[in-house]
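The chain contents come next:
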Amino acid sequence: MSLQSGLEAFQQGRYQEAVELLEQFSRNCVDQNSSDYLSAQMWLMKAYQGTGEIEKATILCQKLMVSENPQARKWAEKARKSFTQPSNPMQKAGRAATTGVKLAMGGVGGNLALASGVTMTLMSGMVLVLGLSLVLIVGSDNPVQGLFFAIAITLIFNIAAFFLSPWFMDLTQRWLYQTRWVEFAEVESLSPETAKIIRQICEDKNLKTPRLGIIDDQNPTAFTYGSLPNSARLVVSQGLFTYLDDDEIATVYAHELGHVVHWDFAVMTVASTLVQICYLIYITANRLSRGGNSKIKDALQTAGSLAYVFYIVGTYLLLYLSRTREYFADHFAAETTGNPNGLSRALVKIAYGILEEGERSPEPSRLVEGTRALGIYDHKAASSTGTAYRVASDPQKIGRVFLWDMFNPWGWWMELNSTHPLTGKRVRALSTYAEQLGLPIEFDMGRVIGEGKTLNKQKLYGNFFLDMLLYGAETIGFFAGLIIGFILLSTSANPGLILGAPLIGLGLGILVKAFVMFPDYNQAPATDILTLMSDPYASPLRGQPAKIEGSLIGRGDAGYKFGSDLKIQDRNGMLYLRYASRFGPIGNFLFGMKRVESLIGEQVGAVGWFRRGIMPWMDLIQLQSENGTIVNSYHRFWSFILGGGAIILGVALIIFLNS
């Protein structure tokens, strides 16, 4: 689509058509500093005004105001005066008249001090045990001396991790994201209430103002790191000021300052380093055990196995600690700002911002991928919440997407592998703080919880436990076949039963799992992305056949130029489409290299199996256009080949060895 066609549509008053043409031109424009791209953005802002999408117009105007092009900035400054600040689709429920009111957490998030203490103690103990085992492996005649060196190794690693990690992070931030360190006055000019909150918290907690950084990226995020509270770094992206209102930005800064006050960043810095030490010891021990004295080799293998177990345990301890600290930082922000509703709004709008930026970029953001563990929000959870915010005329529509977070057992299971609590749980906790302050609640979580209690619990938990069994269907089938083979061998002299029966069981397990994961799609109903994301029964395993109409807007693989996955956008939101070639990884690579680029921008109907985890997605079956099917994807292909092949081989072995 040309820029001229979009301008002609605008000049003729066809604003909706102009929006579609200019959005598509902007997505396909390679040079985002070119005059054509900036012109498209300027007229797109005016087209948004024409269609009544004032919030989108405001966001685009704010982006142009920080453009590197001085003419674009000047134009945006003038344009801003042509319309008023949009009314948010969510009416603000207000805030407490005073700040600093103590709020009860009611068991939310557990105990931060206990979680931090247990994690650090266990992780330090693990490194001590591993250090001790490695020192004693050399066959020292003096175990006391070995113990001394093991303790020394542990202390050196811990101290180095504590003090050096922040400086290493500074270098990483500058290299990867071009973080620029700013004066307090610049933050104050961008968000006056934020400056007030920073002064208030630092004065009350006797803290030095953190070193403040801004990353010139429109994906909204914020994070903090360091070793000591008075040397902390607090970094946000420019997108935070684009998508959030002043009071919401202030709650995000308060949340990050909560991490500083609680020493979360220091604890996480050391704990993360200790986990990595376990993995390093595992790798080193495995390499050293490949040759040499058999006694030392055996000892190294034992140490390596122990290190790997500690690495897995440490990773889950770290994830638990990370989720706990997020709850407590939310609580701190609610207390210090008296505005828990503002932080709820901020979380939802951050999700919306990540979704919007994802649609404008042909590839996922390196910033949100690289800072997933540090950031205030897990970008993988942004799709459902951001989609709901985009189309919601009232917060109840947004609340429906939280049903899965709070009531689906898969939500709890998936959260175990996440650095952040699920969004619905965080908003629910913030709503309880608003109730304690006597405030109206923007997201009526009571109604959401009431609806959740009416869900079919048998369906929720029955499907979950059945799905857990199906995840291991191949293993269950193999061992069931092995047992049956031994039983049948007692009545038959055919040795093929021992080899063939397990293979038949394995094949059946693969096929049963495939039929559940990939059910019949011939009658896949036409639907939209928001409806799919609002389904509280959705599963990451049990595929839901669906067809959605939309535009392909980019790749789904972060930073991978030959990625085969795609992103589709309909009138409500964005969803990732996972492609699978009949020729495996090689076929995926060739598809990503040769076809994907030409598909971006196409209006298509996507047929596939919808799944919901921390991040929703669809396993693609077909892409259809006006001219028919343009892409076929084969997720079931190898399951049928491997399952059927295992059964045939098993039967052949039984017949052959019986002859």
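Residues numbered from 1 in each chain as written. Predicted model: local features only at pLDDT ≥ 70, side-chain atom pairs only at ≥ 80, totals over all residues. Heavy atoms only, no water.

This next bit is on the overall build of the protein. Counting secondary structure elements, the protein contains 28 helices and 10 strands. Relative to its 659 residues, the protein shows a buried fraction of 54%. Contacts in the protein between residues far apart in sequence, at least 24 positions, make up 72% of those at least 6 positions apart. (Helix = DSSP H or I, 4+ residues; strand = E, 2+ residues; numbered from the N terminus. Buried < 20%, exposed > 50% of the residue type's maximum accessible area, 1.4 Å probe, protein only. Contact = heavy atoms within 4.5 Å.)

Tracing the chain through its elements places K513 in helix α24 (residues 496–517). Measuring from C-alpha to C-alpha, the distance between K513 and L470 comes to 5.8 Å, with 43 residues separating the pair along the chain. Setting aside its immediate chain neighbours within four residues, K513 contacts L470, Y471, A473, E474 and L541.

Aromatic ring pairs are defined here through the distance separating the ring centres and the angle between the ring planes. In this structure the tally under the stated criterion is 13 aromatic pairs. Plain terms: the ring middles of Y521 and W609 are 5.8 Å apart, the flat faces sit at 90° to each other, and that makes the pair edge-to-face. Note that Y521 is positioned in the loop between α24 and α25 (529–533) and W609 in strand β8 (residues 603–611), a separation of 88 residues in sequence. According to the relative accessible area criterion, W609 is buried, its value standing at 2%. An angle of 15° between the planes, with centres 3.8 Å apart, marks the rings of Y579 and F591 as stacked. With Y579 in the loop between β7 (574–578) and α26 (584–594) and F591 in helix α26, this residue pair connects regions lying 12 residues apart in the sequence. (Phe/Tyr/Trp six-rings, centres within 6.5 Å; stacked < 30°, edge-to-face > 60°.)

Turning to unusual backbone geometry, a few remarks are in order. At Q178, a residue that is not glycine, the phi angle is positive and equals roughly 55°. Within the secondary structure layout, Q178 lies in the loop between α7 (143–177) and β1 (180–182).

Turning our attention to the environment of M517. Mapping M517 onto the fold places it in helix α24. Taking the C-alpha atoms as reference, M517 lies 9.7 Å from H635; in sequence the two are 118 residues apart. For M517, the contacting residues outside a window of four places in its chain are L541, G543, W609 and R611.

So, on to the nonpolar core. Across soluble globular proteins, nonpolar side chains show a tendency to be buried alongside one another. Ranked by size, the top nonpolar core spans 96 residues in total, and within it L240, Y253, Y377, L577 and L623 carry the most contacts. Ranked by residues supplied to this core, first place goes to helix α14 (residues 340–360) with eight residues. Among the nonpolar cores identified, the runner-up in size contains 23 residues, and V19, L44, A47 and C61 belong to it. (Core = buried A, V, L, I, M, F, W, Y, C linked by side-chain atoms within 4.5 Å.)

It is worth spelling out the pattern of salt bridges at this point. Scanning the model with the defined rule gives 19 salt bridges in all. Between E415 and K425 there is a salt bridge, with the nearest N and O atoms lying 3.1 Å from each other. Residue E415 is located in helix α19 (residues 409–415), and its partner K425 is located in helix α20 (residues 423–436); the two are separated by 10 residues in the primary sequence. Look at K425 and you get partly exposed, because its relative accessible area is 21%. Put simply, R611 and D619 hold a salt bridge, and the shortest N to O gap is 2.6 Å. (Salt bridge = Lys/Arg side-chain N within 4 Å of Asp/Glu carboxyl O.)

Two faces belong to every sheet, and in a regular strand the side chains alternate between them. Burial within β7 is extensive, with four of its five residues counted as buried. Bridging between strand β6 (residues 566–569) and β7 involves four bridges; their strand directions are antiparallel. Bridging across to β7, Q569 finds its partner in M574. The antiparallel pairing of β6 with β7 creates a hairpin that spans four residues between the two strands. Here β7 pairs with strand β9 (residues 617–625) via three bridges, running parallel. Bridge pairing links L577 to M618 in β9. (Pairing = 2+ DSSP bridges.)

A few words now on helix α3 (residues 35–51). Relative to the 24 Å expected for 17 residues at 1.5 Å per residue, α3 spans 24 Å between its end C-alpha atoms, a close match to the ideal helical length. Within the sequence span of α3, burial applies to Y37, L38, A40, Q41, M42, L44, M45, A47 and Y48. One or two steps after α3, the chain reaches G52, where phi turns positive at roughly 85°. (Expected span 1.5 Å × (residues − 1).)

In this section: a nonpolar patch on the surface. There is a patch of nonpolar side chains on the surface, built from I159, F163, L164, W167, L228 and W263 and spanning about 640 Å² of accessible area. Tracing the sequence through the fold places W263 in the loop between α11 (246–261) and α12 (264–288). Accessibility expressed as a relative area gives 38% for W263, which makes it partly exposed. (Patch = residues over 30% accessible without salt bridge, like charges linked within 9 Å, V, L, I, M, F, W, Y side chains within 5 Å. Areas by Shrake-Rupley, 256 points an atom, 1.4 Å probe, with all protein chains shown as cover.)

Take the packing of helix α23 (residues 473–489) against α24 next. Remark: α23 packs on α24, axes separated minimally by 7 Å, with the N-to-C direction vectors making an angle of 150°. Considering the angle they form, α23 stands roughly antiparallel to α24. Crossing of α23 over α24 shows right-handed handedness. Facing α23, whose interface residues are A473, E474, G477, F478, G481, L482, G485, F486, L488 and L489, α24 presents L497, I498, A501, P502, G505, L506, G509, I510 and K513. (Axes fitted to C-alpha atoms, helices over the stretch in contact; angles between N-to-C directions. Parallel < 35°, antiparallel > 145°, perpendicular 65-115°, else oblique. Left-handed = near helix turned anticlockwise from the far one by under 90°.)

Attention now moves to the pairing of strand β5 (residues 544–555). Burial of β5 is extensive: nine of the 12 residues sit out of reach of the surface. Across eight bridges, the pairing between β5 and β8 is antiparallel. Directly across from I548, in β8, lies its bridge partner A606. By the bridge criterion, four bridges tie β5 to β6 in an arrangement that is antiparallel. In the strand pairing of β6, R555 is matched with L566.

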